[in-house]
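Structural characterization, general
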Amino acid sequence: MDFLRPTSWAEALEAKAAHPGAVPIAGGTDVMVELNFDRHRPEALLDLNQVTELQQWAEDGTRIRLGAGVTYTRIIEELGDPLPGLAMASRTVGSPQIRNRGTVAGNLGAASPAGDAHPPLLATGAEIRVASTRGTRTLRAEDFYTGVKRNALEPDELIEAVVLEKAKGPQQFAKIGTRNAMVISVAAFAIALDPEAGTVGTGIGSAAPTPRRARDAETFLAGELAAHGLWETRGAIPDSLTREFGERVRRAASPIDDVRGTAAYRLHSLAVMARRTLGWAWADLQNDQRKAS
Amino acid sequence: MRITTTVNGDRQDVDDVWEGESLLYVLRERMGLPGSKNACEQGECGSCTVYLDGTPVCACLVAAGQAQGRDVVTVEGLAPDTGQHDDLHPVQQAFLECGAVQCGFCTPGLLVASHDLLRRNPHPSDPEIREALAGNLCRCTGYEKILDAVRVAADKLDGAPA
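Residues numbered from 1 in each chain as written. Chains lettered and ligands numbered in written order. Predicted model: local features only at pLDDT ≥ 70, side-chain atom pairs only at ≥ 80, totals over all residues.

**Some words on the overall build of chain A**
Across its full length, chain A carries 12 helices and 13 strands. The globule rule puts the C-alpha radius of gyration for 293 residues at 19 Å, and the 19 Å found for chain A is close to it. With the principal axes as the frame, chain A shows a C-alpha extent of 60 × 45 × 30 Å. For chain A, the residues scored as buried account for 50% of the 293 residues in total. (Helix = DSSP H or I, 4+ residues; strand = E, 2+ residues; numbered from the N terminus. Rg over C-alpha atoms; globule rule 2.2 N^0.38 Å. Buried ≥ 20, exposed ≤ 12 C-beta atoms within 10 Å, placed from the backbone.)

**A closer look at unusual backbone geometry**
With glycine set apart, most residues show a phi of negative sign, and most peptide bonds adopt trans. All names here are of chain A. Despite not being glycine, Lys149 has its phi angle at roughly 55 degrees, a positive value. Position of Lys149 among the secondary structure elements: in the loop between β8 (145–147) and β9 (150–151). Despite not being glycine, Ser206 has its phi angle at roughly 65 degrees, a positive value. Position of Ser206 among the secondary structure elements: in the loop between β13 (199–205) and α9 (215–227).

**Here we look at the interface of chain A and chain B**
It is common to give the size of an interface as the accessible area that goes away when the parts come together. In this assembly, 26 residues from chain A lie in contact with 23 residues from chain B. Sorting the residues of the side of chain A that touches chain B by element identifies β1 (2–4), α2 (31–36), β3 (44–47) and α5 (96–99) of chain A as the ones contributing at least two each. Sort the elements by how many residues they give to the side of chain A that touches chain B and α2 of chain A lands first, with 4 residues. (Contact = placed C-beta atoms within 7 Å.)

**Focus: the pairing of strand β11 (residues 171–176) of chain A**
Residues and elements named next belong to chain A. In terms of burial, β11 is a largely internal element, 6 of the 6 residues being buried. Neither face of β11 is exposed, since Gln171, Phe173 and Lys175 on one face and Gln172, Ala174 and Ile176 on the opposite face are all buried. With 6 bridges connecting them, β11 and strand β12 (residues 187–194) associate as antiparallel partners. Looking at the pairing, Gln171 lines up with Ala192 of β12. (Pairing = 2+ DSSP bridges.)

**A look at the sheet that holds β3 of chain A**
Residues and elements named next belong to chain A. Strand order across the open sheet formed by 3 strands is β1-β3-β2, with parallel pairing between neighbours. With one partner strand each, in any of the chains shown, β1 and β2 (23–25) form the two edges of the open sheet. Recorded for the sheet is a direction-independent mean angle of 25 degrees between the axes of neighbouring strands. Pairing analysis gives 3 bridges linking β2 to β3, with the strands arranged parallel. Looking at the pairing, Pro24 lines up with Leu46 of β3. (Axes fitted to C-alpha atoms, helices over the stretch in contact; angles between N-to-C directions.)

**A short note on helix α1 (residues 9–18) of chain A**
All names here are of chain A. Regarding α1, the residues found buried are Ala12, Leu13, Ala15 and Lys16. Projected onto a plane normal to the axis of α1, the buried residues spread over an arc of 160 degrees and lie on a single side. Contacts made by the buried residues of α1 are with β1, β3, β6 (127–132) and β10 (158–165). (Arc of directions from axis to C-beta.)

**Some points on the sheet that holds β13 of chain A**
Residues and elements named next belong to chain A. The 3 strands lie next to each other as β11-β12-β13, forming an open sheet whose pairing is antiparallel. For this open sheet the edge positions go to β11 and β13, each flanked by a neighbour on one side alone. Neighbour to neighbour, the strand axes of the sheet diverge by 10 degrees on average, direction disregarded. Across 7 bridges, β12 lies against β13 in antiparallel orientation. Each residue of the ladder has a partner; that of Ile191, found in β13, is Thr202.

**Things to note about the confidence of the model for chain B**
Predicted confidence across chain B gives a mean pLDDT of 94, with 97% of residues reaching 70 or more. Quick note on the complex model: pTM equals 0.96, ipTM equals 0.95. (pLDDT = per-residue confidence, 0-100.)

**Brief notes about the domain arrangement of chain B**
Residues and elements named next belong to chain B. Splitting chain B by domain gives domain 1 (3–76) and domain 2 (90–157). The centre of domain 1, based on its C-alpha atoms, is set 21 Å off from the matching centre of domain 2. Each partner contributes to the interface: domain 1 provides 13 residues, whereas domain 2 provides 11 residues. Element by element, the count of residues in the side of domain 1 that touches domain 2 is highest for strand β3 (residues 49–52), at 3 residues. (Domains from an automatic or database assignment.)

**Overview of the packing of helix α11 (residues 239–252) of chain A against helix α12 (residues 263–292) of chain A**
All names here are of chain A. Running from amino to carboxyl end, α11 crosses α12 at an angle of 135 degrees, the nearest separation of the two axes being 8 Å. Taken together, the axes of α11 and α12 lie oblique to each other. By crossing handedness, the relation of α11 to α12 is classed as right-handed. Contacts between α11 and α12 involve Thr242, Arg243, Phe245, Gly246, Glu247, Val249 and Arg250 from the former and Leu267, Leu270, Ala271, Val272, Ala274, Arg275, Leu278 and Gly279 from the latter. (Parallel < 35°, antiparallel > 145°, perpendicular 65-115°, else oblique. Left-handed = near helix turned anticlockwise from the far one by under 90°.)

**Observations regarding the domain arrangement of chain A**
On domain assignment, one finds that chain A holds domain 1 (1–48) and domain 2 (171–292). If you average the C-alpha positions of domain 1 of chain A and of domain 2 of chain A, the two centres end up 36 Å apart.

**Digging into the environment of Asp257 of chain A**
Residue and element names in this part refer to chain A. Looking at where Asp257 falls in the secondary structure, it is placed in the loop between α11 and α12. Here Asp257 falls in the exposed class, since 11 other C-beta atoms lie within 10 Å of it. Separated by 16 residues in sequence, Asp257 and Leu241 have C-alpha atoms that sit 29 Å apart. If sequence neighbours within four positions are ignored, Asp257 has contacts with Thr262 and Ala263.

Take a look at the structure:
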């Protein structure tokens, strides 16, 4: 096995081009488990810790460009205001030790349907910037996941950054698990509201072969909120509407039974999480209005 | 491959490291530092917690090559080295006094995690202690004695340099 230690992004891309079978490693929280249990013996490890370009985030107008090497701990500590949904999901990742090493790009690289970062990426319309020596391309998060633990990366490509809009309204995240730490989610849900554009974003985790949006639920809720004038008045959302939103989120999922939970439980919990996160997000919006007036 | 790293303040050069092995394996099997424990090998239990450039991490999830040129502190490096065999850091003393150690397997990781918590937050609330230790599993004590130990350690360290 080779151990490749590029010290710049250009070197990293050249290394990946020369060794397409090399497995990129940043925090190691997924890759090292595979190695420790001898499940996988790649031809090389490509260590990205020395690539300083990846360890940074930056503001870019209305967006945040999150370098692939930025850890969950840093997202929680530094990006809670502009990226509340992702920061909330980051708080539920593993343990302090895991959050000190793990990265959103690692979640994307592993592409497990249970990755905690995926639902807020989907709900906020995040884009994934990937690169190779051939050039750079940008994919929408929803186009990045192609199957269970499969993603749209070509063998010579590496994830460079995740680009997210700074929050334009309330964002919430909920996750079902057996305890408050070290939990692979049984099901997870993220919601993002954009009151100015009148749009709703959603993301479902652990309840389909890939993380996915509940598009029908999004358009339904955005349309009904507009029809009732609620985006302007920010009045209470009728229970019937909240319940129907939960129902439509449930219908967007296609979970399986596995060791962590049954498909039926996942569907039920998704409907509940959709209702609750909408309630929390709407309360946030109402509080903002009260503060402003 | 050869790995050069600073461990508990001393430069360590190790040869013939396999590229796929973990920092934990290097510490225990190649450097003779068995304080960090090898239990789950998947980041679940926290018993291999060490500082890597001042940040607590699971040593089992750091590839050996990723420790090249970096600074590692293990449980063996927490206490000041005064040449006495029984030198202990106040966090270690508190664990002994409170009965927070039974089989001892989780202890090294809990000590490093507690040490880090009190460094960042000298007066943690109970929820903050629980959150900070959420990545460290103990199957003996039921955690109550461990929480006691962290509170006692916070008192011991109050006003004293960590």
